[in-house]
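Survey of secondary and tertiary structure
Below, each chain spelled out in residue letters.
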Amino acid sequence: MKIFRSIPETKNFVGALKNNRASIGFVPTMGALHPGHISLIERAKRENDVVGCSIFVNPIQFNNKEDLEKYPRTFDEDAEKLINAGCDFIFNPGNNEMYPKPATEQYDFGQLDKVMEGAHRPGHFNGVAVVVRKLFDIMNPTRAYFGMKDYQQLCIVTAMTKNLKLAVQIVPCPTIRETDGLAMSSRNVRLSREARQIAPEIYRILHDAKQKHSLMSPFELENWAKNEFSKFEEFTVEYFEIVDSKSLQSFGNWSDVESAIACTAVFLGGVRLIDNLIVY
Ligand code: PAF
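Below is a short write-up of the structure. (Residues numbered from 1 in each chain as written. Predicted model: local features only at pLDDT ≥ 70, side-chain atom pairs only at ≥ 80, totals over all residues. Heavy atoms only, no water.)

1. Structural notes on the overall build of the protein
Filter applied, for reference: Working definition: helices are DSSP H or I runs of at least four residues, strands are E runs of at least two. Numbering for both runs from the N terminus. To get the radius of gyration, use the C-alpha atoms; to get the globule rule, take the number of residues to the power 0.38 and multiply by 2.2 Å. Each residue's exposure class comes from its accessible area (1.4 Å probe, protein chains only) as a fraction of the maximum for that residue type: buried when under 20%, exposed when over 50%, partly exposed otherwise.
The helix and strand tally for the protein stands at eleven helices and nine strands. The C-alpha atoms of the protein give a radius of gyration of 19 Å, which matches the 19 Å a tight globule of 280 residues would have. By its C-alpha atoms, the protein is 55 × 40 × 35 Å across when sized along the principal axes. Counting only residues that meet the buried cut, the protein has 53% of its 280 residues in that class.

2. Points about the site of the ligand
Defined as follows: We call a residue near a molecule or strand whenever a single non-hydrogen atom of that residue lies within 4 Å of it. Distance and chemistry together define a polar contact, namely a pair of N or O atoms within 3.5 Å, with one atom able to donate a hydrogen and the other to accept it when in protein, and with adjacent residues in sequence counting only for side-chain atoms on both sides. Areas reported as accessible are Shrake-Rupley estimates using a 1.4 Å probe. Residue values count occlusion only from the protein chains shown. We call Asp, Glu, Lys and Arg charged. Ala, Val, Leu, Ile, Met, Phe, Trp, Tyr, Cys and Pro are nonpolar, and the rest, Gly among them, are polar.
As a matter of local geometry, the ligand sits amid P28, T29, M30, N58, Q61, V131 and Q153. The separation between an oxygen atom of the ligand and a polar side-chain atom of Q61 is 2.6 Å. Here an oxygen atom of the ligand and a side-chain polar atom of Q153 are 2.7 Å apart. A total of 290 Å² of accessible area belongs to the ligand in isolation, and the protein chains cover 89% of it. Among the residues forming the shell around the ligand, the class breakdown is three nonpolar, four polar and no charged.

3. Things to note about the state of the cysteines
Rule in force here: Disulfide assignment relies on a single distance test, namely cysteine sulfur atoms paired within 2.5 Å.
By the definition in use, this model includes zero disulfides. C173 forms no disulfide, and the closest cysteine sulfur to it belongs to C53, at a distance of 13 Å. Take C173: its relative accessible area is 3%, and that puts it in the buried class.

4. Let's talk about the packing of aromatic side chains
So the rule is basically this: Only rings of Phe, Tyr and Trp enter the pairing, Trp through its six-membered ring, and a pair is recorded when the two centres are within 6.5 Å. The plane angle decides the type: under 30 degrees is stacked, over 60 is edge-to-face, the rest tilted.
Enumeration according to the criterion identifies 13 aromatic pairs in this entry. Here F13 and F89 contribute two aromatic rings whose centre-to-centre distance is 5.0 Å and whose plane-to-plane angle is 70 degrees, an arrangement assigned as edge-to-face. Residue F13 is found in helix α1 (residues 7-19), and its partner F89 is found in strand β4 (residues 89-91); the two are separated by 76 residues along the sequence. Classification of F89 as buried rests on a relative accessible area of 0%. On the basis of an interplanar angle of 50 degrees and a centroid distance of 6.1 Å, the ring pair of F56 and Y99 is categorised as tilted.

5. Remarks on the pairing of strand β3 (residues 50-55)
Quick reminder of the rule: Here, strands pair whenever DSSP counts at least two bridges between them. We call a crossover right-handed when, viewed with both strands directed away from the observer, the connection leading from the first strand over the helix to the second proceeds clockwise.
β3 sits mainly inside the fold: six of its six residues count as buried. The alternating pattern of β3 places V50, G52 and S54 on one face and V51, C53 and I55 on the opposite face, and all of these are buried. Sheet topology note: the strand β2 (residues 24-29)/β3 ladder contains six bridges and is parallel. Each residue of the ladder has a partner; that of V27, found in β3, is C53. Taken together, β2, helix α2 (residues 35-47) and β3 constitute a β-α-β crossover, and its handedness is right-handed. Sheet topology places β3 next to β4; three bridges connect them, and they run parallel. Note that in β4 the partner of G52 across the bridge is F89.

6. Notes on the pairing of β2
Where burial is concerned, most of β2 is hidden: six out of the six residues are buried. The alternating pattern of β2 places I24, F26 and P28 and G25, V27 and T29 on opposite faces, both of which are buried. Of the strand pairs in this sheet, β2 and strand β5 (residues 143-147) are connected by two bridges, and their pairing is parallel. Of the residues in β5, the one forming a bridge with G25 is R143.

7. Some remarks on the pattern of salt bridges
For clarity, the cut-off: A pairing counts as a salt bridge when a side-chain nitrogen of Lys or Arg comes within 4 Å of a carboxyl oxygen of Asp or Glu.
Under the definition given, this model contains 18 salt bridges. Between K65 and E69 there is a salt bridge, and its shortest N-O distance comes to 3.6 Å. Highlighted residues: K65 and E69, both in helix α3 (residues 65-70), separated by four residues, approximately one helical turn. Among the residues examined, K65 registers a relative accessible area of 63% and is labelled exposed. Taking relative accessible area as the criterion, E69 reaches 54% and is therefore assigned exposed. Notably, a salt bridge pairs E117 with R272, separated by 2.9 Å at the nearest N-O pair. Of this pair, E117 sits in helix α6 (residues 116-120) while R272 sits in strand β9 (residues 271-278), placing them 155 residues apart in sequence. On the accessibility criterion, R272 (16% relative accessible area) is buried.

This is the structure in structure tokens:
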């Protein structure tokens, strides 16, 4: 497996592959890889001739300095996991390589980034869009793989790709869960033993909300879920929202939308966790 740190080297390598008509599957990551990431690599491997993974902790998508500092950095373990999964190359740039000058691009996603993660993490999705756009330019992928755990991110990247008419297929991939239902996340390693025991309640509440949806209105169901979280003093709910799975906007009646998704962000022992579940 090749490891590149510079943009020109990576572009040369990818350019030669493309000249040979190879399809490239791309998995963008910030490292601290877990089985969720590896499932993306494996899928990319099945669907493309060559698979590349980027590992870059993108500073401009963190709106909280402490979160950026505490983000786990485990390059050697990550590289080992990628070799085992059959990844062909890694792009692992430093900050100066990616941002020799401060990024100034501003993206307009309409209402898509005004809710949920976008509302609670100002600038986050602009930072994601800037780095993903740059990474697409460098990796020139045929297909790019994004997990549905970051559902709003997936919607933003899909919208950006469509707006800019980029020649890459965005492939949404299901959330990978621990056997007790907790969505896999690089942040899970920061949970204390006690917090880790309670963490599966997030998926349990999402799952029960899905089961109950026909018994109450979307608004009542949101309140039911928040009340369930309040039974555990360890949780602080930032949001629990039931939204249209396309526009990500709230709605009044189930019949108003074709498909709905419940999305939540909670703090548990100082760690911020997000998860979601398609309601129907
Ligand atoms: O989902 C992530 O890990 C990041 O937001 C991404 C897509 C790699 C951009 O930094």
